[in-house]
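The residues making up each chain are set out below.
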Amino acid sequence: MATTAKPPKPEELSKIDYKTPKKNWIDTPVEFKPGMYCHGSRAKYLEIVGFPNPREWKPGEEDWKLPENWKEIVIEGIKERLEKYRSFRLFMDICVRCGACADKCHFYIGGGDPKNMPVLRSELLRSVYRKYFTVGGKLFGKIAGARELDLNVLKELWYYAFQCTECRRCSVFCPYGIDTAEITLMARELINLLGLNTDWIMGPVSNCYMKGNHLGLEPHTIKSSIEFFLDDIETVTGIKIEPTFNRKGAEILFVTPSGDLFADPGTYTAMGYLMLFHELGIDYTWSTYASEGGNFGFFTSNEMAKRLHYKIYAEAKRLGVKWILGGECGHMWRLIHQYLDTWHGPADFLEVPKSPITGTVFENAKSTKMIHVAEFTADLIKNGKLKLDPSRNDSLKVTWHDSCNTARGMGLLEEPRYVLRNVVNHFYEMPEDTIREKTFCCGSGTGLNAGENMELRMRGGFPRANAVKFVRDHFGVNMLANVCAIDRATLKASMEYWVPDVLVCGLHELVGNALVMTGEKERTQDLRLEPLPGKEAKE
Amino acid sequence: MKILFSFFTVVVLILLAYAGVNANMHFLFGAVIPYIAVAVFLLGFIYRVLKWGSSPVPFRIPTTCGQQKSLPWIKQNKIENPSSTLGVITRMFLEVFFFRSLFRNLKTQLYEGPRLAYGEAKWLWLAGLAFHWSFLIIFVRHFRFFMQGVPSVIKTIEGLDSFLQVGVPLLYMTDVIILGAVTYLFIRRVFIPQVNYISLAADYFPLFLIFGIAASGVLMRYFFKVHIVGVKELVMGLITFNPVEMQKMQEIGVIFYIHLFLISMLLVYFPFSKLMHMGGVFLSPTRNLANNNRMVRHINPWNYPVKVHTYEEYENEFRDKMKKAGIPVEKES
């Protein structure tokens, strides 16, 4: 393993130089900077899922141990994808380089590298496309913005494909809706053809494939992790909860990202789910097989993503549930919303989701048969089915982070805000150009949340963190809430770095705190086992 | 370098037309090349659109820019996050005619602190809109040359366009606007460092070319007056596939042929260039699809079966551990 470069101090990192180099980008070879890229994948991970060219390799080294005909593979790969994706073909052709996207990317804002302007990041691949697939590029070469694919160009494509979190913020501003994600997704597919995956992505992919979840939690471990939460819930509420696993005949299958079973603050969100479902008395089950809502496969290839998401419908069918409830996650929801039904549908063995508590039929999910837990909970609160005491969250001044995928790939904006307003008394929005469809990425999505690329992550996280800093300075905000497991894991690091006194939580952690449960003891602690406001003396 | 290359290419084109007409090649520049140009444009444009169309849209991937349709009491943003065809049409209409997305443009600035601020940035939107609309109006105005008699719609447009009532012949506002807008688009490309850095010759060339077309048109109308009746006869001759005789062609001033040749070059260049965004914008899957993904299943025509890890394989691996943990299993062993 290469050594992990520690990022410079925030004061240093925030001195960002946006000056453009004198030299044309096409003549500037890529330079691999430590702290800005991830380790190459171990061979075993590639072997587990049958990916090409498994071997030990290091991105920082000269020799990438590529197959001899690698160039042919890439060109053929581009051709195949141009024929399969209209988005790809179109977005290769119609960019006018107006530059509206340039300063919309968190990596460009936080790093100043011109190749991280979305337009230029796309040009890296477009230039190759022009050379091999357009008349102008073939005839006129460099003056037409075309270039040969050589090893240096391949390395550049690799380096910058992993400096895009596919957050789609640029596509909001593009007059033609060009979505850089559609381009870097293709770049990553091409990379995948040569076995150039990163370790941090391939580990979770192979885990998820074999064991059902990214973290590689085996069935008994999932159960014991959750039992550990149950003990804490009992400590806080005096209530003993007994969830079920892989239970046939349950009405609802609950699927959530495995990250929330593993590390705080996600674990508190998982506790919130357990408490809510127990209080409602709904007939639901967890699954140890479909134990992952997220999908790191999406960060390698569409095919791999499809292979991983297979488990959700398959398990719903096996268990004979009526519909599926999904936990808080970002890219999980982009995939469930925009891909799952297309991949593995029609889910005609399921019923249109209907809340057993309110009777609300979720017509918006009548085909996919899966709803987001924020939709579910918002409906409960609107119908007065939950007894809530928001004052239990009174020590918190909360702001809301819209996750890229739920904001720009779905439009889940008001549901979580409605829930939030009902479970906390102090909620402050960040500046409007940094929320909703204009929200900023945490900086570490799409499998970039490794340790060795911390400088990249902190740079990418800068715009989001800076908006949090604004509400902290103005309103004393001390909690950043969101509906994304990656956010919970990565914003924690980003806050520690940029805005140290702000913590991170999931929506249902706050719900769990505010939820007044039948038969509970007087609560003195929140789910983090910290004293509740006004209860400090009793400690 | 890219700028000079593009500039001189346009200069060469102008000189070509000038030299050609002086060498009495009126027929070539007044009939043959325009015919070829229109044919290349039409066929090329259609080819490109069909080519895009030949690639399927495997997934429904709208970029949602507002609240989704979910619970009935949550107000959906029906335009920025459309779930119906009408919503999509409205979204596309605003995109195509008013550049909705570009209107959102912001300028990100880093101040001491560090503090990021997002300021208004509407100039690109305004200049883009001014350019495209004036181009469209000028294009429509030119229909007076393509028709026997002049339809009243065209006269109305001409009247509105010249309502300032300045000069003889009356000054068209769009003539001024298009030259101003193209100049602005050029200047920002040169002087905004980021935009300069990303620009290719393919970005400067159409600006020079269109500037050349507009400028030659302006010169022709207001300064070097050409034999306007002759122009109309020539154009009518072209569209009826019955070109006028050489002598009539020679009566028209050379500036007309320069104008016509630059337009011909624009038409030829168009299908091979980024200018195809004109057709492409309609096909953009992040804009022209409804966000009704969970309501209506989207079909991927090349969806194929993939290798998966089945529950059976999973249970086979973990059966003992599952049984020990009290997790139900399908088979006892």
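Model, not experiment: these values are computed from the prediction. (Residues numbered from 1 in each chain as written. Chains lettered and ligands numbered in written order. Predicted model: local features only at pLDDT ≥ 70, side-chain atom pairs only at ≥ 80, totals over all residues. Heavy atoms only, no water.)

A short note on the overall build of chain A
Step number 1: Looking only at helices and strands, one finds 21 helices and seven strands in chain A.
Step number 2: Relative to the 2.2 N^0.38 estimate, which gives 24 Å for 539 residues, the radius of gyration of chain A is 23 Å and therefore close to what a compact globule would have.
Step number 3: Principal-axis analysis of the C-alpha atoms gives chain A an extent of 75 × 50 × 45 Å.
Step number 4: Taking all 539 residues of chain A together, the buried fraction comes to 69%.
Step number 5: Pairs at least 24 residues apart make up 76% of the contacts formed inside chain A by residues separated by at least 6 positions. (Helix = DSSP H or I, 4+ residues; strand = E, 2+ residues; numbered from the N terminus. Rg over C-alpha atoms; globule rule 2.2 N^0.38 Å. Buried < 20%, exposed > 50% of the residue type's maximum accessible area, 1.4 Å probe, protein only. Contact = heavy atoms within 4.5 Å.)

Focus on the side chain of A:S287
Residue and element names in this part refer to chain A.
Step number 1: Relative to the elements of secondary structure, S287 occurs in the loop between β2 (284-286) and α14 (302-319).
Step number 2: What makes S287 buried here is its relative accessible area of 3%.
Step number 3: In terms of polar contacts, S287 uses its side chain to reach the backbone amide nitrogen of A290, at 2.8 Å.
Step number 4: When sequence neighbours within four positions are dropped, the list of residues in contact with S287 reads N246, L253, F254 and E315. (Polar contact = N/O pair within 3.5 Å; in protein donor to acceptor, adjacent residues only side chain to side chain.)

Examining the state of the cysteines
Step number 1: If you walk through the whole model with that rule in mind, you get zero disulfides over all chains.
Step number 2: With no disulfide of its own, A:C164 lies closest to A:C170 among cysteine sulfurs, the gap being 6.7 Å. (Disulfide = S-S within 2.5 Å.)

Here we look at helix α19 (residues 454-475) of chain A
Step number 1: Bending of α19(A) peaks at approximately 50 degrees at the position of A:F462, with proline A:P463 no more than four residues after it.
Step number 2: Following α19(A) by one or two positions, A:G476 has its phi on the positive side, about 75 degrees. (Bend = angle between axes of the 7 residues up to and from the residue.)

A look at the packing of helix α3 (residues 70-84) of chain A against helix α4 (residues 86-93) of chain A
Residue and element names in this part refer to chain A.
Step number 1: For the pair α3 and α4, the least separation of the axes is 5 Å and the interaxial angle reads 105 degrees. By the angle class used here, α3 and α4 are roughly perpendicular. When α3 is examined against α4, the residues I78, R81, L82, E83 and K84 are found in contact with a partner set consisting of R86, F88, R89 and M92.
Step number 2: Classifying every residue of the contact of α3 with α4 by side-chain character gives four nonpolar, no polar and five charged. (Axes fitted to C-alpha atoms, helices over the stretch in contact; angles between N-to-C directions. Parallel < 35°, antiparallel > 145°, perpendicular 65-115°, else oblique. Nonpolar A, V, L, I, M, F, W, Y, C, P; charged D, E, K, R; others polar.)

Quick word on the packing of aromatic side chains
Two aromatic rings are characterised by how far apart their centres lie and by the angle between their planes.
Step number 1: The full count for this structure, using the stated rule, is 60 aromatic pairs over all chains.
Step number 2: An aromatic cluster is defined as three or more aromatic residues linked by ring pairs; in this entry it consists of A:Y85, A:F296, A:F298, A:F299, A:Y339, A:W343, B:F59, B:W302 and B:Y304.
Step number 3: The lysine or arginine in question, A:K306, covers the ring of B:Y304, its NZ or CZ lying 5.7 Å from the ring centre. (Phe/Tyr/Trp six-rings, centres within 6.5 Å; stacked < 30°, edge-to-face > 60°. Lys NZ or Arg CZ within 6 Å of the ring centre and 35° of its normal.)

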